[in-house]
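Survey of secondary and tertiary structure
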Amino acid sequence: LFWLLVLSLAWLGPVLGGEEEDGEVVVEEEDMLSDELREEDGILVLHEHNFARALSEHRLLLVKFYVPWCGHCQRLAPAFAQAAATLRNESGPARLGKVNATAQVTLANEFGITAYPTLKLFRDGNRTHPLAYTGRMDAEGIMRWMRRQAGPSATLLQDTNTAAAFVGSQDLVVIGFFKDLESEAAQVFYEVASEVVDVPFGVAEAAELFQAYGLSADTICLFKKFDEQRTDFPVDPVRGLDAAKLTRLLRVHSLELVMEFTNETSDQIFSAKIPHHMLLFLNKSSSAQLALRDGFRAAASAFRGEVRRSHGGDMADGCGAPQHQCCLYPTQVLFVVVDVTGYGADVLPFFGLTPADAPTLCLVKMESNRKYRMDQDTFSDTAIRTFIQAVLDGKVKPHLLSAEPPEDWDMRPVKVLVGKTFEQVAFDETKNVFVKFYAPWCSHCQAMAAAWEELGERYKDHEDIVIAELDATANDLENITINGFPTLHYFPAGPGRKMVEYKSARDVETFSKFLENGGMLPEEPPAVSEVPPPQGQGPPPT
């Protein structure tokens, strides 16, 4: 997600110190031939000859699969080492290890590693079903996640005194009230508790606790020292408890109804994985703009969680359920205030805004990064709710950003595309167009930049082949979503608006083989899709 990526540190230099190569200590080849377990900074150095021994000797082993050249891996390395050293000194069952996937291809293939860094937890020597790491990518997050895996995921509360002390111990706590702690629903609760590690979890089955908190059936209670103070999630007596749904609800309701975007809250905002963010950009030094928060807050409660919508007689919404039934629509919207003169100033360019544009309202669909601007005639709660519902119903067109094209954009070997020139170039029926979608701060994009320039030089005199690039952080495309960097798409000549995703090696010779073979490599079928035209345009000419 572009906004989340912006908030992370866009670029840090390579990790320094010791006899290292790209942030990782070089291991002598002969050390890889025995099952001896070596350590570096408290981290077990793993390879195919000692991996089984490591699993047998350590009940909880979190393994980082990395590649030395990856900038994300380099940035994680210090935090991973800090967590490893701390956990090792605690003398508990939790240990950390690492695998260099470029040298240990067999291990990387065995565990299906396709992105870096990837962290997997191996429990009780089980090699076939490792658990994907779901915590934060910092030292504290790793340690907290591993401690929760090692110990009981929830504290047993025996009486009203211990329960009251537990509720008052933190700003947020979760208690599962179950008549039977061995029930299936209670086991699902324990599973959720082991994953949501930033909130303390407790369990209770004593009748006096059910009575003290006004409960008669199994219920999950979220206690918080803000907003409504307590939110209950009753366990469905028929369907039971769904781990994914409970996790989502806890994430949503653990946040304040309206969040302020700061350095301290940014991780909370994005880890909740709420699909839509409604942003109020304002200047906090203006009392008139600060007053707009009242209407913004009043609108927020309507989009806090899932909405149950009843069907009418004609089932016009196309759900297909019988008329007497209703459906749950996941319409969570997170409301966020962004100070354009404070911490939020750095994200303004990604919305095409400047501080002078405040106050401004914008809704972002996080999955696609589509942005929707609200007309600024009114900031009332009614107007805000109406606008959000219109976006959710597909009645509002997204606001598409576009940089200005450089004057010589089409004179270079690699053509520089922007949002407003993309259509005319990519879907030129007389050209085969190969486009790199990139982010300026992406280390993977930087690593292949030279190869892409060389490819442009190689094909600059070919009349029917165009090599191009587009900065996807500064330009939006209506019907193409870029989910990672770099992304490479090939747009073949001819009618039909076809698009082929390139997923092979990122070197000049493989690129050339792909182009010379008409947008495919001999050993693999192309991933072809068709891109619809922008709204308001008819079908492409045939």
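Details of the structure are given in the entry above.
In this report, we go over the structure that sits alongside the text.

Cut-offs applied
Residues numbered from 1 in each chain as written. Predicted model: local features only at pLDDT ≥ 70, side-chain atom pairs only at ≥ 80, totals over all residues. Heavy atoms only, no water. Helix = DSSP H or I, 4+ residues; strand = E, 2+ residues; numbered from the N terminus. Buried < 20%, exposed > 50% of the residue type's maximum accessible area, 1.4 Å probe, protein only. Contact = heavy atoms within 4.5 Å. Areas by Shrake-Rupley, 256 points an atom, 1.4 Å probe, with all protein chains shown as cover. Pairing = 2+ DSSP bridges. Axes fitted to C-alpha atoms, helices over the stretch in contact; angles between N-to-C directions. Phe/Tyr/Trp six-rings, centres within 6.5 Å; stacked < 30°, edge-to-face > 60°. Lys NZ or Arg CZ within 6 Å of the ring centre and 35° of its normal. Expected span 1.5 Å × (residues − 1). Bend = angle between axes of the 7 residues up to and from the residue. Right-handed = clockwise from strand over helix to strand, strands pointing away. Salt bridge = Lys/Arg side-chain N within 4 Å of Asp/Glu carboxyl O. Parallel < 35°, antiparallel > 145°, perpendicular 65-115°, else oblique. Nonpolar A, V, L, I, M, F, W, Y, C, P; charged D, E, K, R; others polar. Left-handed = near helix turned anticlockwise from the far one by under 90°.

**What about the overall build of the chain?**
A tally of helices and strands in the chain yields 16 helices and 26 strands. When the 542 residues of the chain are sorted by exposure, 48% land in the buried category. Residue pairs at least 24 apart in sequence account for 68% of intrachain contacts in the chain once pairs closer than 6 positions are excluded. Of the accessible surface of the chain, which amounts to about 26200 Å², a share of 50% is contributed by carbon and sulfur atoms.

**Thoughts on the side chain of Ser512**
Mapped onto the fold, Ser512 is located in helix 16 (residues 508-516). Assessed through its relative accessible area of 6%, Ser512 is described here as buried. With sequence-adjacent residues up to four places away left out, Ser512 is seen in contact with Leu455, Arg458 and Tyr459.

**Overview of the sheet that holds strand 19 (residues 360-365)**
If you walk across this open sheet you meet the five strands as 14-18-15-19-20, and the pairing is mixed. Only two strands of the sheet have a single partner each, and these edge strands are strand 14 (258-260) and strand 20 (370-373). Between one strand axis and the next, the sheet turns by 25° as a mean value, whatever way the strands run. Sheet topology note: the strand 15 (residues 276-282)/strand 19 ladder contains six bridges and is antiparallel. Across the sheet, Leu279 pairs through a bridge with Cys362, a residue of strand 19. Each of strand 14, strand 15, strand 18 (333-339) and strand 19 touches helix 12 (residues 293-300); the most contacted strand, strand 18, lies at about 165° to it. Strands strand 15, strand 18, strand 19 and strand 20 of the sheet are contacted by helix 13 (residues 381-392), whose axis makes an angle of about 30° with strand 19.

**As for the packing of aromatic side chains**
A full pass over the atoms with the stated rule returns 29 aromatic pairs. Between Tyr213 and Phe223 the ring centres are 5.6 Å apart and the planes differ by 70°, which places this aromatic pair in the edge-to-face class. Of this pair, Tyr213 sits in the loop between helix 8 (207-212) and strand 12 (219-224) while Phe223 sits in strand 12, placing them ten residues apart in sequence. As far as the burial class goes, Tyr213 and Phe223 line up, both buried. Members of the aromatic cluster, joined through ring pairs, are Phe434, Trp452, Tyr490, Tyr502, Phe511 and Phe514. Above the face of the Tyr438 ring, Lys436 is positioned so that its terminal group lies 5.2 Å from the ring centre.

**Describing the environment of Val188**
Here Val188 shows up in helix 7 (residues 184-195). When the C-alpha atoms of Val188 and Leu241 are compared, they prove to be 6.6 Å apart, with 53 residues separating the residues in sequence.

**Looking at helix 15 (residues 443-459)**
Helix length check: helix 15 (17 residues) gives 25 Å between terminal C-alpha atoms against 24 Å at 1.5 Å per residue, within 8%. For helix 15, the principal kink sits at Ala449 and spans about 40°. Along helix 15, the residues that are buried comprise Ser443, His444, Cys445, Met448, Ala451, Trp452, Leu455, Gly456 and Tyr459.

**Some details on the sheet that holds strand 4 (residues 43-45)**
Taking strand neighbours across the sheet as the criterion, the six strands line up as 3-4-6-5-7-8 in an open arrangement whose pairing is mixed. Lying at the two open borders of the sheet, with one neighbouring strand each, are strand 3 (38-40) and strand 8 (131-132). Direction of pairing for strand 7 (residues 118-123) relative to strand 8: antiparallel, over a ladder of two bridges. Directly across from Leu121, in strand 8, lies its bridge partner Leu131. Most of the contacts of helix 3 (residues 71-89) go to strand 6 (residues 94-100), to which it runs at about 150°, and overall it touches strand 3, strand 4, strand 5 (60-66), strand 6 and strand 7.

**Remarks on the pairing of strand 11 (residues 201-204)**
Here strand 11 shows no split at all, with Phe201 and Val203 on one side and Gly202 and Ala204 on the other all buried. For strand 9 (residues 155-156) and strand 11, the ladder comprises two bridges, and the chain directions are parallel. Directly across from Leu156, in strand 11, lies its bridge partner Val203. Both strand 10 (residues 172-177) and strand 11 contribute to a ladder of four bridges, which runs parallel. Residue Ile175 lies in a different strand from strand 11, and its bridge partner there is Gly202. After leaving strand 10, the chain enters helix 7 and then returns to the sheet as strand 11, a path that is right-handed.

**Things to note about the pattern of salt bridges**
As enumerated under the stated definition, the model contains 26 salt bridges in all. Among the ionic pairs, Lys284 bridges to Glu260, the shortest N-O distance being 2.7 Å. One end of the pair, Lys284, is in the loop between strand 15 and helix 11 (287-290); the other, Glu260, is in strand 14, and 24 residues separate them in sequence. Judged by its relative accessible area of 32%, Lys284 falls in the partly exposed class. Taking the relative accessible area as the measure of exposure, Glu260 reaches 32% and is therefore partly exposed. Put simply, Asp35, Arg53 and Glu57 are held in one network by salt bridges that share partners.

**Details of the packing of helix 5 (residues 139-150) against helix 7**
Across the interface, helix 5 lies against helix 7 with an axial gap of 8 Å and an inter-helix angle of 150°. One way to sum up the angle between helix 5 and helix 7 is to call them roughly antiparallel. Contacts from Trp145, Arg148 and Gln149 of helix 5 reach helix 7 at Ala193, Ser194 and Glu195. Of the residues belonging to the contact of helix 5 with helix 7, the class tally is two nonpolar, two polar and two charged.

**Points about the packing of helix 7 against helix 9 (residues 243-254)**
In the contact formed by helix 7 and helix 9, the axes pass within 10 Å of each other and the chain directions differ by 50°. By the angle class used here, helix 7 and helix 9 are oblique. At the point where helix 7 passes helix 9, the crossing takes the right-handed sense. Side by side, helix 7 and helix 9 meet where Val188, Phe189, Glu191, Val192 and Glu195 of the first sit next to Ala243, Leu246, Thr247, Leu250 and Arg251 of the second. Taken together, the residues of the contact of helix 7 with helix 9 sort by class into six nonpolar, one polar and three charged.

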